[in-house]
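A structural walkthrough
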Amino acid sequence: MAESEKLLRQISETSQGEFYQKQAILSFASFLDKVAQNPRKMIRNAGEYIRDAFDYFGSYEVGCNKVMSRRWKVFDLGTERNVPIIGAEDVQIEIYRVLNTFVKQGYSNKLIVLHGPNGSAKTSMIESIAHAMQKYSETEEGAVYKFSWVFPMDKSAGPQVMGESGPIGFGRAHSETAYGESYAHLEESKISSKLHSELKENPLFLIPAGRREAWLRDIISAQEGCEPSELKLPPHILLAGLSKRNQQIIEQLLSAYDGDFTKVLRHVQVERFFYSKQYRVGISTVEPQMSIDATEKQLTMDRNIANLPSVLHNISFHETMGPIVEANRGVLEFSDLLKRPIEAFKYLLTTVEKSTINLVTSTANLDTVFFATTNEKHLDAFKTMPDFASFRSRFELITAPYLLKPSQEEKIYESDVETLNTTKRISPHSVYLLSLWAILTRLKQPDPEQYESKYRSLISRLDPHSKAKLYENKSLSPIFKAQEESILHELVTEIINENRGVVVFEGRFGASPREIKGLLYKAIQNPRHQTMTPMCIFDELEALVKDRSVYEFLQLEPRGKYHQPIEFIRIIEDVFAKIFEHEITLSMTLVEEGQYESLLTRYIENVVASVKKEKIYDRITGTHQEPNQNLMRDIEDLLKITGSLDRHRESLLGKIAAYKIDNPKNEIDIPVVFGEYLKAIQDHYHNKRQEIVESTFEAMLLAGTADGKHLNEDVIERARVTYDNLEKKYGYDNQSAEACLRYLMAYKKKVKS
């Protein structure tokens, strides 16, 4: 068998299997059987469906200590391009809250407006919801159905049968024997005409409203164990529901069949559909330049219309089209809504509130969740307009700020880094430092007056870098003492909430991820550097901040140490110098790395025993002894602990307790919980060996050159080992390591001068 034939057969078998498994085509009677099995699922409106998609994929807690939040896996799925949403948990929670409100009240009567600065993932979040709907609709739990009208090919139909009002293209006896009770499964070759319902209405709307309600009350009350009269049904399922065209078809067929509704339903083909943004099935977007959101046009030359039974020829058929029609039973996004003239979307005042749209020949009921995006500049301008008061009650405004954590910001660029690494090696920390700089540009100076008087002095000292570390739950030493750090970590929720619900919220201004991504691509192309090191980032940032007219955040007036992008470059230069010095000295292996951790572990064990007033087990003697006060004081002198030692030691127990809350099943990870202390111990012992460190630095730069002939073999070997360890432990190739070492030596020289 040829490979092409084999492939095509496999595809055919798979598609047929999926088709029958998903029961893509049903008769109306089979559809009602499905409804009877799980009626609540089959009568959901768009708001409930989306809420259920959130619940189906689930959620989990993120954060640490005082700042915990809930994250929905819908946003881990990401967009159709498999790009997950990083951070933005507060926005996710607000979207879910609004959807829950829609479910409780039974209808979606507000436009969900995501507003924030350009590049804050507003559209991406809506795309993620659309992608989740698509995935959910492929599951049995998320199955959704629409219907079409099917009319069979029957050229042999005889004259009118007694008891029928008139021929409609086929005779009673022939149609029943040839096609059974439903035309839903007719082969295409036997179908004369097929009319799709553009609005994808729920097939249940084919049942007259009164009878539909009574039947649903009966089957649901039986399942839920209550009286039919006590049952609360969602309001939308009690409406007429059908479009004008579908209602006219029913009326004409009823007339032709002398009111026999079962014969009318033989022409109904129920079809399972799947949401798709690409094909605009239940998901659509209205771009700013699009002027017509929904319209009708009369059909005259359409083949399906021409082949309809004569009884339907007196209906004036119109085709309904446009983004609003495509999005019915799903999601409609108005991208950059406020870029459109206000007259272009005034109709939303009634459309969103009443879930209807006025067409040329009729008014159609809608079942849609409306989303919109806008940036802050357009929203501010809109708020000054007289019409804003009318719109405000129809808007559910949700703020979407920039990210405020460097670790999250760095994740945004992971896919770009993966691509760029194939063209030029990217050395460690380059993207992190760029991300840190971006975060520093977004932070707002805290207002001490918003806090209790006893905290105001402390809050006034909270600089941008310390605030970024506070948001990441990192140590704030040496800027803040242990007791001060503990207080700030207690206040972190208050600090975060200070700038929520205000016009100038934290994350409204600053460097956009789009700008940072552009800078990253420029840095990789910098011809002055063979690899992309942090120094490339520093060069590009220096060029960027020179022209303040290009970027709005560069025009902000400094407030204390905040809104100072040039100073933020100095900060990330300092951060990198300290990081690299620490990594390169550890790579020299002057002391076995485990010895530092062992010393810190002994210190922590003694502190815990001392605070709890317990004895400590001595593994050597096998006895219990008093905590070693000399060891504790020596380490505390090394760590430069000031103030009350008792409070400092108690704060260490607080760190351990916080870690156990977040990781109840794990042993205490000393390097994670006390990373800053471990680093301080490592740096202390390396500083005592400064001569060896400096000679190794020299050898790393001179080995293999004419200037390095005076170096002895031991020093050259240490340099080689250091290069190897920098690559194995941290990911620096030799070129990057050498460039970073030259930067470090120049930095240290500048600091000394």
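Further up the page is the structure itself.
Anyway, here's the lowdown on the structure attached to this text. Predicted, not measured: the structure shown is a model, and the values here were computed from it.

Notes on the overall build of the chain
On a plain count of helices and strands, the chain comes out with 34 helices and 17 strands. Its C-alpha atoms give the chain a radius of gyration of 34 Å, more than 25% over the compact-globule value 27 Å for 753 residues. When its C-alpha atoms are laid out on the principal axes, the chain stretches across 115 × 65 × 60 Å. Evaluated residue by residue, the chain yields a buried proportion of 49% over its 753 residues. Pairs at least 24 apart in sequence give 74% of the contacts found in the chain among residues at least 6 apart. By element, 50% of the accessible surface of the chain is carried by carbon and sulfur atoms, the whole surface being about 36800 Å². Each charge sign in the chain was given a centre, from 96 positive and 106 negative side chains, and these centres are 2 Å apart.

Digging into the packing of aromatic side chains
Taken as a whole and assessed by the stated rule, the structure comprises 27 aromatic pairs. With 5.7 Å between their ring centres and 45 degrees between their planes, phenylalanine 538 and tyrosine 743 make a pair best called tilted. Here the residue phenylalanine 538 occupies a position in helix H25 (residues 534-544), and tyrosine 743 occupies one in helix H34 (residues 734-752), the gap between them amounting to 205 residues. The same class applies to phenylalanine 538 as to tyrosine 743, namely buried. Put simply, the rings of Tyr49, Tyr56, Phe57, Tyr136, Phe273 and Tyr275 touch in pairs and so form one group of aromatic residues.

Observations regarding the sheet that holds strand S1 (residues 25-27)
Sheet architecture is open: four strands sit in the order S1-S7-S5-S6, paired in antiparallel fashion. Pairing within the sheet leaves two strands with one partner each, and these edge strands are S1 and strand S6 (191-196). Each strand of the sheet is rotated relative to its neighbour by a mean of 35 degrees, with strand direction disregarded. As paired strands, strand S5 (residues 144-152) and strand S7 (residues 268-273) are joined by six bridges and run antiparallel to one another. Among the inter-strand pairings, serine 148 is bridged to a residue of S7, identified as glutamine 269. Its contacts with the sheet place helix H2 (residues 28-37) against S1, S5 and S7, and it is angled at close to 95 degrees to S1.

A word on the nonpolar core
Among the nonpolar cores identified, the biggest contains 74 residues, and Trp437, Leu488, Ile495, Leu520, Phe576 and Phe580 are the most heavily contacted of them. Leu26, Phe151, Ile305 and Leu308 belong to the second-largest nonpolar core, a separate cluster that totals 38 residues.

Calculation notes
- Residues numbered from 1 in each chain as written.
- Predicted model: local features only at pLDDT ≥ 70, side-chain atom pairs only at ≥ 80, totals over all residues.
- Heavy atoms only, no water.
- Helix = DSSP H or I, 4+ residues; strand = E, 2+ residues; numbered from the N terminus.
- Rg over C-alpha atoms; globule rule 2.2 N^0.38 Å.
- Buried < 20%, exposed > 50% of the residue type's maximum accessible area, 1.4 Å probe, protein only.
- Contact = heavy atoms within 4.5 Å.
- Areas by Shrake-Rupley, 256 points an atom, 1.4 Å probe, with all protein chains shown as cover.
- Lys, Arg positive; Asp, Glu negative; His and termini not counted.
- Charge placed at Lys NZ, Arg CZ, Asp CG, Glu CD.
- Phe/Tyr/Trp six-rings, centres within 6.5 Å; stacked < 30°, edge-to-face > 60°.
- Pairing = 2+ DSSP bridges.
- Axes fitted to C-alpha atoms, helices over the stretch in contact; angles between N-to-C directions.
- Core = buried A, V, L, I, M, F, W, Y, C linked by side-chain atoms within 4.5 Å.

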